[in-house]
Amino acid sequence: MSAHPTSNTQHPTLVSGIQPTGRLHIGNYLGALKNFVDLQNSGKYECYFFIADLHSLTEEFDPKEKPKQILELTADYIALGLNPSASLGASPKKSTIFLQSLIPAHSELAWILNTLTPMGELSRMTQFRDKAGILNEEEISKPEKWDKERELLPKTHQVVQSQMKAVQKIHTYWANVGLFDYPVLMAADILLYGAQFVPVGNDQDQHLELTRTLARKFNAKFPARRSPGEGGGKTFMEPKPLHTETPRVMSLKNPGNKMSKSDPASCLFLDDSPTEIQAKIKTAVTDSGSEIKYDPKNKAAVSNLLKIYSSLADKPIEKLEKEFSGKTYSEFKTELAEVIANHFADYRTKKKTLLAKPHTIAAILKSGSQKAGTKAEKKISEVKKKIGITI
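All values reported here derive from a predicted model rather than from experimental measurement. (Residues numbered from 1 in each chain as written. Predicted model: local features only at pLDDT ≥ 70, side-chain atom pairs only at ≥ 80, totals over all residues. Heavy atoms only, no water.)

A. Spotlight on the nonpolar core. One finds Ile26 and Tyr77 to be the most contacted residues of the largest nonpolar core, which totals 58 residues. No other element matches helix 1 (residues 26–41), which puts eight residues into this core. Leaving out residues up to four positions away in the same chain, isoleucine 26 has contacts with Val249, Met259, Leu268, Leu270, Ile308, Leu312 and Phe344. Ala187, Ala188, Ile190 and Leu208 belong to the second-largest nonpolar core, a separate cluster that totals 38 residues. (Core = buried A, V, L, I, M, F, W, Y, C linked by side-chain atoms within 4.5 Å. Buried < 20%, exposed > 50% of the residue type's maximum accessible area, 1.4 Å probe, protein only. Helix = DSSP H or I, 4+ residues; strand = E, 2+ residues; numbered from the N terminus. Contact = heavy atoms within 4.5 Å.)

Written out as structure tokens, the structure is:
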């Protein structure tokens, strides 16, 4: 397949989604959405981007807020540059934007894939262990990990380990099954559309490898046959990861932690006003000394701000270091706040206009879901036929 397909070449399919869990921040943009827009605009892929509302149910949520979050994330997609397309003959520089829960095939295929997935495979997934608060054996063996719990326990190291393993079981007991099974639904999201590529960060590589494993297992167990006596084929293709360089954006208050919406004061939301951006950047922590230099080990705070500036202004960090040589942190922060505010100015205007017409956003979602649903239904029908549950 040519790296630069012509208009007569079938473009490889690309699939990805984001959970609707509230306002997006600059880490979400640089880690995913900026890449989505670039991939769409490359003209190399048939892009399917979805609102992962089923995945979002694995964490605490307010049912009254969920519809608003779905519409807001759709508005974010469009305002940032994803170009929704409703027609099957769409230009490759458009994307199909759809709502996961409007397409039953996602849940149906996830259940079918569950029957091929060993529990051991899912229990070792690092994201599940992180979210469920489960540590591995090496971490359990370090009593300093459990300072708070040790205050209530005998000081004997072996007893601490034993007690902490019991705590682990409690964490596992209370973790919801949806969180445990998340990677299988993710596999269904991808395999339904015959995705050849999936844009992922390093934290999703493990999940994508499970998707590839399940595709192989299904193909081996249920070989595709066009008619009796013909040779076997493949129902699912194994998707490849599409890695692009994405900066890891850290908290403005604590550069040792990732930026998170759970701490609004240290988080730059995409729809923050210029005044809010200026205030947050002004109060962002800096490092000892006054040199504006990229040094993640010794100057983590300034390095984080330089990464943000570089990514939004499309300037190499080395060039920024030269531009701000001899300047103060205050001068650097003032210019950075201006860069951020200007970068998202069009987005803020477009999002406000879109949210004023919620019925239009809903119509776009329904139209995209209808198109995606047509493709998904064809695949799930093929799967059901292969496993013998059609009559």
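B. The environment of serine 262, seen in detail. Turning to its location among the elements, serine 262 is positioned in the loop between strand 5 (240–242) and helix 12 (274–282). Engagement of the side chain of serine 262 in a polar contact is seen with the side chain of serine 260, the distance being 2.8 Å. (Polar contact = N/O pair within 3.5 Å; in protein donor to acceptor, adjacent residues only side chain to side chain.)

C. Inspection of unusual backbone geometry at higher detail. Here aspartate 314, not a glycine, exhibits a phi torsion of approximately 55 degrees, which is positive. Tracing the backbone through its elements, the reader meets aspartate 314 in the loop between helix 13 (300–313) and helix 14 (317–323). Judged by its relative accessible area of 69%, aspartate 314 falls in the exposed class.

D. Up close: the pairing of strand 2 (residues 46–51). In terms of burial, strand 2 is largely enclosed, as five of its six residues are buried. Summarising the sheet, strand 1 (residues 13–18) and strand 2 pair through six bridges and their orientation is parallel. What sits directly across from serine 16, in strand 2, is phenylalanine 49. In this view, the connection linking strand 1 to its parallel neighbour strand 2 by way of helix 1 has right-handed handedness. Taken together, the five bridges between strand 2 and strand 3 (residues 95–99) define a ladder with parallel strand orientation. Paired with cysteine 47 across the bridge in strand 3 is serine 95. (Pairing = 2+ DSSP bridges. Right-handed = clockwise from strand over helix to strand, strands pointing away.)

E. Seen up close, helix 10 (residues 177–191). Relative to the 21 Å expected for 15 residues at 1.5 Å per residue, helix 10 spans 21 Å between its end C-alpha atoms, a close match to the ideal helical length. Approximately 40 degrees is the largest bend angle found in helix 10, and it occurs at proline 183. Counting buried residues along helix 10, 13 of its 15 residues qualify, which places the element largely inside the surrounding structure. Of the residues that open helix 10, the one with a side-chain oxygen 3.0 Å from the backbone nitrogen of glycine 178 is asparagine 176. (Expected span 1.5 Å × (residues − 1). Bend = angle between axes of the 7 residues up to and from the residue.)

F. Quick peek at the pairing of strand 3. The buried fraction of strand 3 amounts to five of the five residues, a majority that puts the element mostly inside the structure. Of the two faces of strand 3, the one carrying Ser95, Ile97 and Leu99 and the one carrying Thr96 and Phe98 are both buried.

G. The arrangement of the pattern of salt bridges in detail. Across all of its chains, the model carries 18 salt bridges by this definition. For lysine 351, the salt bridge goes to aspartate 76, with nearest N and O atoms at 3.1 Å. Placement of the pair is lysine 351 in helix 16 (residues 345–355) and aspartate 76 in helix 3 (residues 66–80), with a sequence separation of 275 residues. Judged on exposure class, the residue lysine 351 and its partner aspartate 76 are both buried. (Salt bridge = Lys/Arg side-chain N within 4 Å of Asp/Glu carboxyl O.)

H. Just the side chain of histidine 55, in detail. Looking at the secondary structure, you find histidine 55 in helix 2 (residues 53–56). Given a relative accessible area of 4%, histidine 55 falls into the buried group. A polar atom in the side chain of histidine 55 sits 2.7 Å from the side chain of aspartate 189. Beyond its immediate sequence surroundings of up to four residues, histidine 55 is in contact with Gln19, Gln100, Tyr182, Leu185, Met186 and Asp189.

I. Structural view of the packing of aromatic side chains. Under the definition given, this model contains 13 aromatic pairs. For the ring pair phenylalanine 324 and phenylalanine 332, a centre distance of 5.0 Å and an interplane angle of 80 degrees mean the geometry is edge-to-face. Within the aromatic cluster, the residues linked to one another by ring pairs are Tyr48, Phe50, Phe98 and Tyr193. The ring centre of phenylalanine 269 lies 4.1 Å from the NZ or CZ of arginine 23, which sits over that ring. (Phe/Tyr/Trp six-rings, centres within 6.5 Å; stacked < 30°, edge-to-face > 60°. Lys NZ or Arg CZ within 6 Å of the ring centre and 35° of its normal.)

Distances and angles like these do not, on their own, reveal function.
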